[in-house]
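Analysis of the macromolecular model
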Amino acid sequence: MKPALLVIDVQKAFFGLDPVMTQSLENAIEYINAAIKLFREKQLPVICVQHIDEGDDLAPGQRKFEAPDSLHILPSDVHIHKTYSNSFNKTPLTETLHDLGVDTVIITGFCAEYCVTSTYRGAMDVDLTPMILRGSIASDSLENIKFVEDIHDSVTFGALRKFLE
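Just so we're clear, the structure is a prediction, and the values are computed from it rather than from any experiment.

All chains considered together, the criterion is met by six salt bridges. Of the charged contacts, one joins Asp9 and Lys82 as a salt bridge, the two residues approaching to 2.9 Å between their closest N and O atoms. Of the two residues, Asp9 is situated in the loop between β1 (3–8) and α1 (19–41) and Lys82 in strand β3 (residues 78–82); the sequence distance between them amounts to 73 residues. For the residue pair Asp9 and Lys82, the accessibility class agrees, reading buried in each case. Put simply, Lys146 and Asp150 hold a salt bridge, and the shortest N to O gap is 2.7 Å. Taken together, the residues span about one helical turn, with Lys146 and Asp150 both in helix α4 (residues 142–151) at a distance of four residues. Exposure remark for Asp150: the relative accessible area of 44% places this residue in the partly exposed category. Taken together, the shared-partner salt bridges connect Arg134, Lys146, Glu149 and Asp150 into one network.

The subject of this paragraph is the nonpolar core. Of all hydrophobic cores here, the largest spans 33 residues; its most connected members are Leu5, Val7, Ile36, Phe39, Leu71 and Leu160. Elements with a minimum of two residues in this core: β1, α1, β2 (46–51), β4 (104–110), β5 (129–138) and α5 (157–163). Among the elements that line this core, the one with the most residues is α1, at nine residues. Formed by 22 residues, the second largest nonpolar core is a distinct cluster that contains Ala4, Ile8, Val116 and Ile137.

Moving on: the pairing of β5. Burial of β5 is extensive: seven of the ten residues sit out of reach of the surface. Of the crossover connections in this fold, the one passing from β4 over helix α3 (residues 112–125) to the parallel β5 is right-handed. Pairing of β5 with strand β6 (residues 154–155), which is carried by two bridges, proceeds in the parallel orientation. Of the residues in β6, the one forming a bridge with Leu133 is Val155. Regarding the hand of the β-α-β motif, the stretch spanning β5, α4 and β6 is right-handed.

In summary, the side chains of a regular strand alternate between the two faces of the sheet. The buried fraction of β4 is high, at seven of seven residues. Residues of β4 alternate between two faces, with Thr104, Ile106, Thr108 and Phe110 on one and Val105, Ile107 and Gly109 on the opposite face, all of them buried. Here β1 runs beside β4; their pairing, made up of six bridges, is parallel. What sits directly across from Ala4, in β4, is Val105. Pairing analysis gives six bridges linking β4 to β5, with the strands arranged parallel. Among the inter-strand pairings, Val105 is bridged to a residue of β5, identified as Pro130.

Here is what the cut-offs are and how they apply
Residues numbered from 1 in each chain as written. Predicted model: local features only at pLDDT ≥ 70, side-chain atom pairs only at ≥ 80, totals over all residues. Heavy atoms only, no water. Salt bridge = Lys/Arg side-chain N within 4 Å of Asp/Glu carboxyl O. Helix = DSSP H or I, 4+ residues; strand = E, 2+ residues; numbered from the N terminus. Buried < 20%, exposed > 50% of the residue type's maximum accessible area, 1.4 Å probe, protein only. Core = buried A, V, L, I, M, F, W, Y, C linked by side-chain atoms within 4.5 Å. Right-handed = clockwise from strand over helix to strand, strands pointing away. Pairing = 2+ DSSP bridges.

Here's what the structure looks like:
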């Protein structure tokens with residue numbers, strides 16, 4: 001097994017819209033950053049997926065498009081831009097993962113019930129094994145986070161760390 005870490009739609013645009021959502025994103029970033037550190041230590045791919053919606057000024061070069069400063073994404077990480085909820089739909093993500101020899105994706109990010117779930121299912125459609133990292137997904141609904149973690153294959157950070165040893 002060779003996993004990659006997917007960080008979906010953790011972008012400045014989604015902070016400050018709703019206090020619950022902002023807190024959820026901040027909490028998720030703690031887990032995401034720990035996973036980023038672990039993946040870098042193991043020399044495994046970290047992939048930053050960013051949503052584009054030019055009508056909402058959510059496009060490369062716009063402040064709202066960028067990852068927040070608190071997220072430890074680097075310019076050298078793989079960056080994928082998407083326009084659909086499913087990160088695999090009409091993007092080079094599938095080809096990129098295959099070129100890297102990846103067969104498993106650890107999914108993190110925003111929004112649990114939309115892009116995270118769509119990407120999870122999209123991974124299965126291209127014969128990858130998806131898992132959600134518990135604690136690393138965000139939403140404006142805490143109930144939806146729990147639901148998404150409960151209905152999908154998921155892994156705790158401790159188990160992920162032990163698994164990658």
